[in-house]
Amino acid sequence: ANVNVICKSYTFLVTNAHLNMLTHHLLFTVSCLLGCSAESYVIDDRIGLGREFDGIGGLSGGGATSRLLVNYEEPYRSHILDFLFKPNFGASLHILKVEIGGDAQTTDGTEPSHMHSKDEGNFFRGYEWWLMKEAKKRNPNIKLIGLPWAFPGWVGEGTQWPYFFPNVTADYVVTWIYGAKQHHNLEIDYIGIWNERKYDPVYIKEALLTEKKLWSSEDYSTFNDDIGAGCWARILNQNYVNGRMTSTISWNLIASYYENLSFGGDGLMTADEPWSGHYVVESPIWMTAHTTQFTQPGWFYLQTVGNLTHGGSYVALTDRKGNLTVVIQTMTHNHSQCIRPPLPHFDVSPQIATFQLKGSFAHLTDLQVWYSKLDFETKKDTLNLPVSTQVYNGSFTLKLDVDEVYTITTLNTGQKGTYPESPKSRPFPKNYSDDFTIDNPPFSEAPYFADQTGVFEYFRNSTDNGSHAFTLRQVVTEQPVTWARDADQTISIIGDYSWTDLNVSCDVLIETPVTGGVFLAARVDQGGESVREAKGVFYWIYANGTYKVTNDIGGQRVLAEGLSGTREGVWYTLTLRVKGYFATGMLDGYPLWKNAVVLEPKNGWTALGTLSFEYAQFDHFEVHAE
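Note that the coordinates shown come from a computational prediction; the quantities given were computed from them, not determined experimentally.

What counts as what
- Residues numbered from 1 in each chain as written.
- Predicted model: local features only at pLDDT ≥ 70, side-chain atom pairs only at ≥ 80, totals over all residues.
- Heavy atoms only, no water.
- Helix = DSSP H or I, 4+ residues; strand = E, 2+ residues; numbered from the N terminus.
- Polar contact = N/O pair within 3.5 Å; in protein donor to acceptor, adjacent residues only side chain to side chain.
- Pairing = 2+ DSSP bridges.
- Axes fitted to C-alpha atoms, helices over the stretch in contact; angles between N-to-C directions.
- Patch = residues over 30% accessible without salt bridge, like charges linked within 9 Å, V, L, I, M, F, W, Y side chains within 5 Å.
- Areas by Shrake-Rupley, 256 points an atom, 1.4 Å probe, with all protein chains shown as cover.
- Salt bridge = Lys/Arg side-chain N within 4 Å of Asp/Glu carboxyl O.
- Buried < 20%, exposed > 50% of the residue type's maximum accessible area, 1.4 Å probe, protein only.
- Domains from an automatic or database assignment.
- Contact = heavy atoms within 4.5 Å.
- Buried area = accessible area lost by both parts, 1.4 Å probe.
- Lys, Arg positive; Asp, Glu negative; His and termini not counted.
- UniProt positions renumbered as here; feature names shortened; annotations may be inferred.
- Core = buried A, V, L, I, M, F, W, Y, C linked by side-chain atoms within 4.5 Å.
- Parallel < 35°, antiparallel > 145°, perpendicular 65-115°, else oblique.
- Left-handed = near helix turned anticlockwise from the far one by under 90°.

**Student:** Please give an account of the side chain of threonine 292 that cites residues and values.
**Tutor:** With respect to the secondary-structure elements, threonine 292 resides in helix α8 (residues 283-292). A polar atom in the side chain of threonine 292 sits 2.5 Å from the backbone oxygen of alanine 91.

Here it is, written out as structure tokens:
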């Protein structure tokens, strides 16, 4: 049945689906009848407006955080994109910030540059162009930001520093902006210089004194569980209340990379199983919607914003055309900690709050209410529950419990978008192969391969019209201007981190004479910013006619070595068998070494790569895990 609940200053309609919220507010009804007291807050524009709101966004990159998204099949890929970007549906983001790929490791992988060398340009590498176009397709008004984390080595001219030659660096970035427009019809709204590298320190207090705009342009960095949702809900309000920051951007946009890489499970939602189609719309999506679906860039904060007496905060925004949105959050300390930085202690307790509408809002009588409760006791959250309310004598009153978010708004366009449940989660296929034969690949990377140092791209081998006409090629030939600690070797991982016993094989072509080398690996236990420390079983062959088996990517822990007769320019088939504590390797179907003892690691990804930053090709990759 439908129930009308009335408590002095507000009325709302509750259906059977709203029973949790009904119980919550019935308690408030009783307390009102007993004579409750409420703290009072004023929402008023007569004293002028605060700063202009610039929007809420997400960051794809820094790096390779959207890597697996492109490999989802339809309709699931479009569903995911709708939850991120479609207005009045899910997160409804106002801003998309992307990495300008620099061929280097930037947290969870490498993103390819549009200019591997100063003499070439390719504006179809990677997936950020595609992602920006998909975002624009859903929201033509979304703002686009580009920022480099790393640069190809030629930009620094061997110095590992892009500021020694600022004209070169500037031209490189400007070329990316022009490429976005010329090849993809994308207008880039904002551009950055270099992520997290000091060039002219600006502090928040100084920025406030100068009245310049201040954004929190990479925030959150937190797992997308309910505590992460609490972190996100709290900072979306308090970044303005405490620091007058007019935009907050989440790192990262979506956890679409292998979970065992750095910050696995970060992002506003999770989509890391393109092979199954499974994705999860996590609670941070709905915390975002409390602001994004009821405001737009160009609105203005009111000056009457602040902290609640018993913990929590509220902000109010207007479009200066009569619309008003108030967002209230009461996240507790232990349920809203971000991964970083440490959060000073504060207290939040249940409270009753009355909001007095003044100025141009005094006439309002009907407001929409959207409500969320992160319930850490029952584990049954209420997320973006719409109800309606009425203003009584120019005010409305709410009973605020802990770990809640309210949006009170004049807008009636908000929705909690839904799609049929995504397919069930399942592991990476135990039997997988790829011969990289594709005439017009939609993306430059092969499915599921996640580059951790170097860049591996589809390649049309014009010198071979036979079985190796289409290959995967490592194309970075000099150390980039790095942001993280890239390995000295290049490496791309694939598969299930839990894999222990398996057979993996791949055809390989060394292109560099004498000093060149390639590897095939299993049980690789590290990637991301820790890729230099990766252990596993690495099976190497070299252009000088030798082979080596090592327990680490750096080649220091040698398990076996000897002569192989290998050289550059010849295709070889490497086969690696790992079972229990023993590993065996074959070359072109014949045993080259066997029963190398492997005590650790016990599990990890499979991988392929090169000895240095050098050209090399790979084909007919195949893995069979037990």
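**Student:** Lay out the sheet that holds strand β17 (residues 351-357) with the relevant residues and their values.
**Tutor:** One open sheet accounts for 3 strands, arranged β3-β17-β20; its pairing is mixed. Edge positions in the open sheet fall to β3 (39-43) and β20 (395-400), since each of these has one partner strand only. Mean inter-strand twist for the sheet, computed between neighbouring axes without regard to direction, equals 25°. Pairing geometry for β17 and β20, over 6 bridges, is antiparallel. When the sheet's bridge partners are listed, alanine 353 is paired in β20 with leucine 398.

**Student:** Describe in detail a nonpolar patch on the surface, supporting the description with residues and values.
**Tutor:** The grouping of Tyr581, Phe582, Val597 and Leu599 at the surface amounts to a nonpolar patch, some 410 Å² of accessible area in total. With respect to the element layout, tyrosine 581 can be found in the loop between β32 (571-579) and β33 (582-587). Judged by its relative accessible area of 45%, tyrosine 581 is partly exposed.

**Student:** So what's going on with the domain arrangement of the chain? Residues and values would help.
**Tutor:** Segmenting the chain into domains produces domain 1 (51-409) and domain 2 (431-625). Put simply, the middle of domain 1 and the middle of domain 2, counted by C-alpha atoms, are 37 Å apart. Counting residues at the interface gives 41 residues for domain 1, matched by 32 residues for domain 2. Interface area for domain 1 against domain 2, summed over the two sides, is near 2,900 Å², with a carbon-plus-sulfur share of 55%. By the criterion of area lost to domain 2, the three top residues of domain 1 are Gln105, Gln160 and Tyr258, representing 23% of everything that side buries. On the surface where domain 1 and domain 2 come into contact, there are 1 salt bridge.

**Student:** Give a description of the side chain of aspartate 552 that names residues and reports values.
**Tutor:** Inspection of the secondary structure puts aspartate 552 in strand β30 (residues 546-552). Although buried, aspartate 552 forms no salt bridge, and the nearest oppositely charged side chain, arginine 557, lies 5.6 Å from it. The residues contacting aspartate 552, other than those within four sequence positions of it, are Ala534, Lys535, Gly536, Phe538, Trp540 and Arg557.

**Student:** Please give an account of the environment of isoleucine 254 that cites residues and values.
**Tutor:** Along the chain, isoleucine 254 turns up in the loop between β10 (247-251) and β11 (270-273). In contact with isoleucine 254, not counting residues within four places along its chain, are Thr65, Ser66, Ile80, Leu84, Asp266, Gly267, Leu268, Met269 and Ala271.

**Student:** Can you tell me about the environment of glycine 414, naming the residues and giving the values?
**Tutor:** Tracing the sequence through the fold places glycine 414 in the loop between β21 (404-409) and β22 (431-434). Residues glycine 414 and serine 78, 336 residues apart in the sequence, show an inter-C-alpha distance of 20 Å. Once residues lying within four places of it in the same chain are set aside, the contact partners of glycine 414 are Asn88, Gln293, Phe294 and Trp370.

**Student:** Any details on the UniProt feature "active site" (unreviewed entry) in the chain? Residues and values, ideally.
**Tutor:** Under the UniProt annotation, the feature "active site" (unreviewed entry) is placed at Glu196 and Glu218. Look at the named residues: they lie 23 residues apart in sequence, but the longest C-alpha span between them is just 9.9 Å, so in the fold they bunch up. Checked against the element boundaries, glutamate 196 lands in the loop between β8 (190-191) and α6 (204-210). With a relative accessible area of 51%, glutamate 196 lands in the exposed category. Mapping glutamate 218 onto the fold places it in strand β9 (residues 216-220). Excluding residues within four positions of it along the chain, glutamate 218 makes contact with Leu59, Trp149, Asn195, Glu196, Ile249 and Trp251.

**Student:** Report on the nonpolar core, specifying residues and quantitative values.
**Tutor:** Membership of the largest hydrophobic core comes to 73 residues, with the highest contact counts inside it found for Ile80, Phe85, Leu96, Met132 and Met287. Among the elements of the structure, α2 (76-85), β6 (95-100), α3 (128-138), α4 (153-156), α5 (166-184), α7 (226-243), α8 and β15 (313-318) are those that each provide at least two residues to this core. Here this core gets 8 residues from one element, more than from any other, and that element is α7. Those residues in contact with isoleucine 80 that sit more than four places away from it in its chain are Leu69, Tyr72, Ile254, Met269, Ala271 and Tyr279. Of all hydrophobic cores here, the second largest spans 62 residues; its members include Tyr448, Ala522, Val549 and Phe618.

**Student:** Describe the pattern of salt bridges, with residues and values.
**Tutor:** Applying the stated criterion to the full structure yields 19 salt bridges. Among the salt bridges present, the one from arginine 46 reaches aspartate 44, with a minimum N-O distance of 2.9 Å. What makes aspartate 44 buried here is its relative accessible area of 6%. Across the salt bridge formed by glutamate 533 and arginine 485, the nearest N and O atoms sit 3.2 Å from each other. Here arginine 485 lies in the loop between β25 (470-474) and β26 (490-494) and glutamate 533 lies in the loop between β28 (517-524) and β29 (535-542), a separation of 48 residues in the sequence. Three or more residues joined by partner-sharing salt bridges are found here, namely Asp501, Arg523, Arg577, Lys579 and Glu626.

**Student:** So what's going on with the sheet that holds strand β5 (residues 55-60)? Which residues, and what values?
**Tutor:** What the 6 strands build is an open sheet, ordered β8-β7-β6-β5-β10-β9; its pairing is parallel. Whereas interior strands pair on both sides, the edge strands pair on one side only; in this sheet they are β8 and β9. As paired elements, β5 and β10 share 5 bridges and run parallel to each other. From the neighbouring strand, glycine 58 faces β10, where its bridge partner is serine 250. Contacting β6, β7 (143-148) and β8, α5 crosses the sheet at an angle of about 130° to β6.

**Student:** Please give an account of the packing of α7 against α8 that cites residues and values.
**Tutor:** At a closest axis distance of 8 Å, the pairing of α7 and α8 adopts a crossing angle of 15°. Regarding the angle of α7 to α8, the classification is roughly parallel. Seen along the crossing, α7 lies across α8 with a hand that is right-handed. Of the residues in α8, those in contact with Asp226, Gly228, Ala229, Trp232, Ala233 and Leu236 of α7 are Ser283, Pro284, Met287, Thr288 and Thr291.

**Student:** Before we move on, could you go through the pairing of β17 and cite the residues and values that matter?
**Tutor:** Working note: regular strand, side chains alternate between the two faces of the sheet. Counted residue by residue, β17 has 6 buried out of 7 residues, so it is predominantly covered. Pairing between β3 and β17: 5 bridges, direction parallel. By the bridge assignment for β17, valine 42 is matched with glutamine 356.

**Student:** Please provide a residue-by-residue account of the environment of proline 162, values included.
**Tutor:** Turning to its location among the elements, proline 162 is positioned in the loop between α4 and α5. Proline 162 sits 12 residues away from alanine 150 along the chain, and the two C-alpha atoms are 9.1 Å apart. Residues contacting proline 162, with those up to four places away along its chain left out, are Phe151, Thr169, Trp194 and Val481.

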